[in-house]
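A look at the structure
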Amino acid sequence: MHMSSRSIIIGLTILLVVGFAVLVTLYPRANLPLVRRDDTAWVEKARKDARAIFPEAAQERKTFPMVMRLSDRICVDLRSTAADGAGSYLACYEARTGKKVEEHSMGGF
């Protein structure tokens, strides 16, 4: 069997369109922050505290939260992007009481 060049072009075009559709669908999901369900309340609390310092920026911009569980506290680092190593806003709360014990804001939020 001999396939014509037209059939090959149509097949490759369909393959390209399907590949592009898969990429467009999966890429945003791959860049979502990974936050455990039991950490979402801590992230929301940190976002609320960040709004007190940065009223406009915290509401307009999406943040990439990083949750760190220590023995006595839970810290939430709200970064402007996943690759932002310096972070933008850091809040630490006592694990038992939920009281804020530490807060740092780093420029560019």
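Preceding block: the structure.
All values derive from a computational prediction rather than experimental measurement. Counting restarts for each chain: residues are numbered from 1 in the order of the written sequence. The predicted origin of the model limits local features to residues at a pLDDT of at least 70 and limits the giving and counting of side-chain atom pairs to 80 or more, whereas totals for whole chains, interfaces and linings rest on all residues. To get the side-chain values, take all heavy atoms of the structure and skip hydrogens and water.

1. A closer look at the pairing of strand β3 (residues 89-94)
Partly exposed describes any residue whose relative accessible area lies between the buried limit of under 20% and the exposed limit of over 50%, with all areas from a 1.4 Å probe on protein chains only and scaled to the type maximum. A run of H or I in DSSP becomes a helix once it reaches four residues, and a run of E becomes a strand once it reaches two; helices and strands are each numbered from the N terminus. Of all 6 residues in β3, 5 are buried; the element is thus mostly enclosed. DSSP-based pairing: two strands are paired if at least 2 bridges between them are found. Here 6 bridges tie strand β2 (residues 73-79) to β3, and the two strands are oriented antiparallel to one another. Bridged to D77 within β3 is L90. Here β3 pairs with strand β4 (residues 100-105) via 5 bridges, running antiparallel. In the strand pairing of β4, L90 is matched with H104. Hairpin connection from β3 to β4: 5 residues lie between these consecutive antiparallel strands, with G98 at a positive phi of about 80°.

2. Looking at helix α2 (residues 40-53)
An α-helical segment advances 3.6 residues per turn. Residues three or four places apart therefore align on the same side. Here α2 spans 20 Å end to end across 14 residues, near enough to the 20 Å set by a 1.5 Å rise per residue. Among the residues of α2, W42, V43, A46, D49 and A50 are the ones counted as buried. Viewed along the axis of α2, the buried residues span an arc of 125°, placing them on a single side of the element. Across α2 from its buried face, at more than 90 degrees, point the exposed residues A41, K48 and A52. Helix span is expected to be 1.5 Å times the residue number reduced by one. Taking the helix axis as origin, the arc is that swept by the directions to the C-beta atoms.

3. Looking at a nonpolar patch on the surface
The residues that make up patches have over 30% relative accessible area and no salt bridge, and they are joined within 9 Å when like-charged or within 5 Å when they are Val, Leu, Ile, Met, Phe, Trp or Tyr. Computed with the Shrake-Rupley method and a 1.4 Å probe, the accessible areas treat only the protein chains shown as cover for residues. Every case where a carboxyl oxygen of Asp or Glu lies within 4 Å of a side-chain nitrogen of Lys or Arg is listed as a salt bridge. Residues I10, I14, V18, V22 and L26 make up a contiguous nonpolar surface patch of roughly 440 Å² in combined accessible area. The residue I10 is located in helix α1 (residues 5-30) in this model. Exposure remark for I10: the relative accessible area of 44% places this residue in the partly exposed category.

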